[in-house]
Amino acid sequence: MTVTIRPAEKRDIQAVAELIGEIEKFYGATEIEPMDERTPQVEEALFGSPPLASALVVEDETGDLVGMAAYSFLWPAAGSSHSLFLKELYVRDTLRGQGIGRRLMNELRTIAAARPGCSRVEWTADSDNPIARGFYRSQGFEEHQGKIFYRVAPQSV
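All residue numbers refer to position in the chain's written sequence, counted from 1. Totals for whole chains, interfaces and linings use every residue, but because this is a predicted model, local features are given only for residues with pLDDT of at least 70 and side-chain atom pairs only at 80 or more, for both listing and counting. Side-chain calculation: all heavy atoms of the structure are included, whereas hydrogens and water are not.

(A) Representation of the overall build of the protein chain within the structure. The helix and strand inventory of the protein chain stands at four helices and five strands. For this measure, only C-alpha atoms enter the radius of gyration; the expected value for a globule follows 2.2 Å times N^0.38, where N is the number of residues. The C-alpha atoms of the protein chain give 16 Å as radius of gyration, which agrees with the globular expectation for 157 residues (15 Å, within 12%). Out of the 157 residues belonging to the protein chain, those deemed buried represent 33%. A separation of at least 24 residues holds for 58% of the contacts in the protein chain among residues at least 6 apart in sequence. Here the positive residues are Lys and Arg and the negative ones are Asp and Glu; neither His nor the chain ends is included. Lysine's charge is taken at NZ, arginine's at CZ, aspartate's at CG and glutamate's at CD. If you average the places of the 17 positive and of the 23 negative side-chain charges in the protein chain, the two averages end up 7 Å apart. Secondary structure is summarised from DSSP: a helix means a run of H or I of at least four residues, a strand means a run of E of at least two, and numbering begins at the N terminus for each. Only protein chains enter the area calculation, which uses a 1.4 Å probe; residues under 20% of their type maximum are buried, those over 50% are exposed, and those in between are partly exposed. Whether two residues touch is decided by their heavy atoms; if any such pair falls within 4.5 Å, the residues are in contact.

Right under this line is the structure:
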């Protein structure tokens, strides 16, 4: 199957919101935010002022979105440089194993390399997700030890 990888556009908001629902189900969620809540959140995140994130989308031959990579730039990274942080990489299960994830990772590296002062690309993978970890290993990426990830809801702080 031929796919196109491109930056998300405003016309993609609904489809990206649908993909986010798929991602939630993939991670085991049984209750998914309704589309009428998800859609404005996607619009604000990707196209607000200022945008909170960026996304690459994967469009198939029929114009359907079948994958995405959501990312942001974080500062500081090494010294005073910044990093591209990949928050989510997702390709529909029917298209996995066809090199689309590899193409998304290569495109992200190209974006990072083109941005002055960007010193690295970073991301996380769940320790109990051997498929994702295997995918990253197959790309030649090594797991880094030494960091522990924390998460708390804002109202808990």
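On we go from here.
(B) Structural view of the sheet that holds strand E5 (residues 118–123). Strands pair, by our definition, only if DSSP identifies at least two bridges between them. Strand order in this open sheet of five strands is E1-E2-E3-E4-E5, and the pairing throughout is mixed. Of all the strands in the sheet, just strand E1 (4–7) and E5 have a single pairing partner and so form its edges. Direction aside, neighbouring strands of the sheet carry axes that sit 25° apart on average. Here E1 runs beside strand E2 (residues 54–59); their pairing, made up of four bridges, is antiparallel. Residue pairing across strands places Arg 6 opposite Val 57, the latter belonging to E2. All axes here are fitted lines through C-alpha atoms, helices being fitted over the stretch that makes contact, and every angle between N-to-C directions spans 0 to 180 degrees.

(C) Local environment of the packing of helix H3 (residues 100–114) against helix H4 (residues 130–138). At a minimum axis separation of 11 Å, H3 and H4 run at an interaxial angle of 60°. The hand of the H3/H4 crossing is right-handed. On the side of H3, the interface is formed by Gly 101, Arg 102 and Met 105, while H4 contributes Phe 135, Tyr 136 and Ser 138. Considering only residue class, the contact of H3 with H4 consists of three nonpolar, two polar and one charged. Note on convention: near helix rotated counterclockwise from far helix by under a right angle means a left-handed crossing. Clockwise means right-handed. As a working rule, the residues Ala, Val, Leu, Ile, Met, Phe, Trp, Tyr, Cys and Pro are called nonpolar, Asp, Glu, Lys and Arg charged, and the rest polar, with Gly in that last group.

(D) Summary view of the pattern of salt bridges. Here, a salt bridge means any Lys or Arg side-chain nitrogen found within 4 Å of an Asp or Glu carboxyl oxygen. A complete count under the given rule lists eight salt bridges for this structure. Glu 9 serves as the salt-bridge partner of Arg 11, at 2.5 Å between the closest nitrogen and oxygen. Here Glu 9 falls in the partly exposed class, since its relative accessible area comes to 34%. Among the salt bridges present, the one from Glu 22 reaches Arg 92, with a minimum N-O distance of 2.7 Å. Here the residue Glu 22 occupies a position in helix H1 (residues 13–26), and Arg 92 occupies one in the loop between strand E4 (82–91) and H3, the gap between them amounting to 70 residues.

(E) Representation of the side chain of Asp 60 in the model. One can find Asp 60 in the loop between E2 and strand E3 (65–74). It turns out Asp 60 is buried and unbridged, and the closest side chain with the opposite charge, Arg 92, is 5.9 Å from it. Only 2.7 Å separates the side chain of Asp 60 from the side chain of Thr 62, close enough to count as a polar contact. Non-local contacts of Asp 60, meaning those with residues more than four positions away in its chain, are made with Met 1, Thr 2, Val 3 and Val 66. We define a polar contact as two N or O atoms separated by no more than 3.5 Å, with the added condition that, inside protein, one atom must be a possible hydrogen donor and the other a possible acceptor, whereas residues neighbouring each other in sequence contribute only through side-chain atom pairs.

(F) Structural detail: the side chain of His 82. Inspection of the secondary structure puts His 82 in strand E4. When sequence neighbours within four positions are dropped, the list of residues in contact with His 82 reads Phe 73, Leu 74, Trp 75, Ala 77, Arg 115, Pro 116, Gly 117, Cys 118, Ser 119 and Arg 120.

(G) Layout of the pairing of E3. The buried fraction of E3 is high, at seven of 10 residues. Strand direction decides the pairing type here: E2 and E3, joined by six bridges, are antiparallel. Counterpart to Glu 59 in the pairing with E3 is Leu 65. Between the end of E2 and the start of E3, which pair antiparallel, lie five residues, with Gly 63 showing a positive phi angle near 95°. As judged from the eight bridges shared by E3 and E4, these two strands associate in the antiparallel manner. Looking across to E4, one finds that Leu 74 is bridged to Ser 83.

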